[in-house]
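# Examining the three-dimensional arrangement
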Amino acid sequence: MGRAYQNRKDSMAKTSDAKARVYSRYAREIYVCAKSGGCDPAGNLTLRGLIERAKRDQVPTHVIDNAIKKAQGGAGEDYSPARYEGFGPGGCMVIIECLTDNPNRTFGDVRLCFTKTDCKIGTQGTTSHSFDHSAIFVFPHDDEEAVMECLLEAEVDLTDIEADGGSLSVFVPHTEYFKTKTALLEGFPDIEFEVDEIQFIPKGSTPISEEHREQFDKFMNMLDDLDDVQRVYHDAVL
């Protein structure tokens, strides 16, 4: 599988001007996660991983705390997840994940990104069959066999495990996220995750020619400007 997952997901943090949008996206995701699964990171492993990821991306502590406090209050916006799929510039496959309080508005905004770059939005399943929906854990460790044994004892459905430069990358189906993280934390209490999240990993790739490069950049920038967009996955190779 290699490390394609690391450069297929756009970070949405390429410039300092984008930081405010990154903070806003993390705040929204933390709020939704805490509201639905509980505000205590010790009992909500998804929230715990999200907070750790936000800190790695240098999201200020007050942004994280305010989102959790807002969820504790019980009031506030009612966001729901939305996923859109389609074909981007050069025929690349795209999956766009959103959190929205107005699905009609969000769909219209995302569709506009496709139409203004001569691309085609599809229905659910249009491109997702060409991606693996996987939970990924990357952490410093040099004993691949010990980690594999730990996961097998916990009856984790392990997809793949890779060793690279003192780090291990563990891939499992997205439905195995909680079981896998619990097993790793119990088996290796001092573990520190460099990557701890669920992603769509492309099974193949679509080369983007110079002819479509400008259009691809415009497409990604338009999506980046949408507040409701949380993550963009694609199989493009630039």
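Residues numbered from 1 in each chain as written. Predicted model: local features only at pLDDT ≥ 70, side-chain atom pairs only at ≥ 80, totals over all residues. Heavy atoms only, no water.

Our focus in this paragraph is the sheet that holds strand E5 (residues 160-164). In space, the four strands of this open sheet follow the order E5-E6-E4-E7, with antiparallel pairing throughout. Sheet topology places E5 and strand E7 (195-202) at the edges, where each strand pairs with a single neighbour. Neighbouring strand axes in the sheet, compared pairwise and without regard to direction, differ in orientation by 25 degrees on average. Summarising the sheet, E5 and strand E6 (residues 167-173) pair through five bridges and their orientation is antiparallel. What sits directly across from Ala163, in E6, is Leu168. (Pairing = 2+ DSSP bridges. Helix = DSSP H or I, 4+ residues; strand = E, 2+ residues; numbered from the N terminus. Axes fitted to C-alpha atoms, helices over the stretch in contact; angles between N-to-C directions.)

Here the focus is the confidence of the model for the chain. For the chain, mean pLDDT is 91; residues scoring 70 or higher make up 92% of the total. The spread of mean pLDDT over the elements of the chain runs between helix H1 (residues 4-8), the lowest at 51, and helix H5 (residues 103-115), the highest at 98. (pLDDT = per-residue confidence, 0-100.)

On the secondary structure map, Asp196 appears in strand E7. Taking relative accessible area as the criterion, Asp196 reaches 1% and is therefore assigned buried. A polar contact is formed between the side chain of Asp196 and the side chain of Tyr177, at a distance of 2.9 Å. Within the structure, Asp196 has its side chain in polar contact with the side chain of Lys181 (distance 2.5 Å). Contacts of Asp196, omitting those with residues within four sequence positions, involve Gly49, Glu52, Arg53, Arg56, Ile136, Phe137, Tyr177 and Lys181. (Buried < 20%, exposed > 50% of the residue type's maximum accessible area, 1.4 Å probe, protein only. Polar contact = N/O pair within 3.5 Å; in protein donor to acceptor, adjacent residues only side chain to side chain. Contact = heavy atoms within 4.5 Å.)

By the secondary structure assignment, Val94 is in strand E2 (residues 93-100). Its relative accessible area of 1% is what places Val94 among the buried residues. The sequence separation of Val94 and Ser130 amounts to 36 residues, and the corresponding C-alpha distance is 9.8 Å. Those residues in contact with Val94 that sit more than four places away from it in its chain are Tyr84, Glu85, Gly86, Gly88, Thr127, Phe219, Val232, Tyr233 and His234.

Structurally, Ala67 is set in helix H4 (residues 61-73). The class of Ala67 is buried, set by a relative accessible area of 5%. C-alpha separation for the pair Ala67 and Tyr31, spaced 36 residues apart in sequence, amounts to 4.9 Å. Excluding anything up to four places from it in sequence, Ala67 contacts Ala27, Ile30 and Tyr31.

So, on to the pairing of E2. A large share of E2 lies buried, amounting to seven of its eight residues. Inspection of the sheet shows strand E1 (residues 80-87) paired to E2 by eight bridges, in the antiparallel sense. Across the sheet, residue Gly86 finds its bridge partner in E2, namely Val94. Connecting E1 to the next strand, E2, in antiparallel fashion are five residues, including Gly90 with a positive phi near 75 degrees. Where E2 meets strand E9 (residues 229-234), five bridges bridge the pair, whose relative direction is antiparallel. Bridged to Glu97 within E9 is Arg231.

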